[in-house]
Amino acid sequence: MGAELFMSSLNGPTNRDDRTLYNSRLIKNYSEYANKFHPEVDFDSILKCAEMAKYEVEDPAYWFTQSQIEQFYNTLVEKTGNQN
């Protein structure tokens, strides 16, 4: 296990992709955008693919991991066809 892949935590080694880095407000903004400009897209299915719950997105104190954000973004791009 190299230092570049794992870091120490109180509970032992943690994969960097499992650290909570992104506040739920970012996803909330994407939700509002998608609902306005891509109403045909089932946003709940995007959240499900990223292992996010609607209540987590609604909680301004909630944080998501790098891997959740990457899965969310990739699924959002796939469903909307819009990389921007």
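Our structure is the block above this text.
A brief structural summary. Bear in mind the structure is a predicted one, so any value in this text is a computation, not a measurement.

1. Points about the pattern of salt bridges
Counted by the stated rule, this structure contains 2 salt bridges. In this structure, Lys54 and Asp44 form a salt bridge, with 3.6 Å as the shortest nitrogen-oxygen distance. Separated by 10 residues along the polypeptide, Lys54 in helix 3 (residues 54-58) and Asp44 in helix 2 (residues 43-49) bring together distant segments of the chain.

2. Thoughts on helix 4 (residues 66-80)
Given a rise of 1.5 Å per residue, 15 residues ought to cover 21 Å, and the 21 Å separating the end C-alpha atoms of helix 4 matches this to within 8%. Along helix 4, the residues that are buried comprise Gln66, Gln68, Ile69, Phe72, Thr75, Leu76, Val77 and Thr80. On its buried face, helix 4 is in contact with strand 3 (20-23), helix 1 (24-37), helix 2 and strand 4 (63-65). Following helix 4 by one or two positions, Gly81 has its phi on the positive side, about 75 degrees.

3. Digging into the environment of Asp42
When you line up the elements, Asp42 lands in the loop between helix 1 and helix 2. Judged by its relative accessible area of 45%, Asp42 falls in the partly exposed class. A sequence separation of 34 residues divides Asp42 from Leu76, and the C-alpha atoms of the two residues are 9.8 Å apart. Within the local environment of Asp42, its side chain forms a polar contact with the backbone nitrogen of Asp44, the two atoms lying 3.3 Å apart.

Calculation rules
The residue count restarts for each chain, going from 1 along the sequence in the order it is written. Reporting of local features is limited, given that this is a predicted model, to residues whose pLDDT is at least 70; pairs of side-chain atoms are given and counted only at 80 or more, and all residues count toward the totals for whole chains, interfaces and linings. Excluding hydrogens and water, the side-chain figures rest on all heavy atoms present in the structure. One side-chain nitrogen of Lys or Arg within 4 Å of one carboxyl oxygen of Asp or Glu is enough to make a salt bridge. Secondary structure elements are taken from DSSP: a helix is a run of H or I of four residues or more, a strand is a run of E of two residues or more, and numbering for both begins at the N terminus. A helix is expected to span 1.5 Å multiplied by its residue count minus one. For the exposure calls, accessible area comes from a 1.4 Å probe over protein chains only, and a residue counts as buried if that area is under 20% of its type's maximum, exposed if over 50%, partly exposed in between. Any pair of residues with heavy atoms lying within 4.5 Å of one another is described as a contacting pair. The term polar contact refers here to a pair of N or O atoms within 3.5 Å; inside protein, the definition further demands a hydrogen-donor-capable atom paired with an acceptor-capable atom, and it admits residues adjacent in sequence only when both atoms are side-chain atoms.

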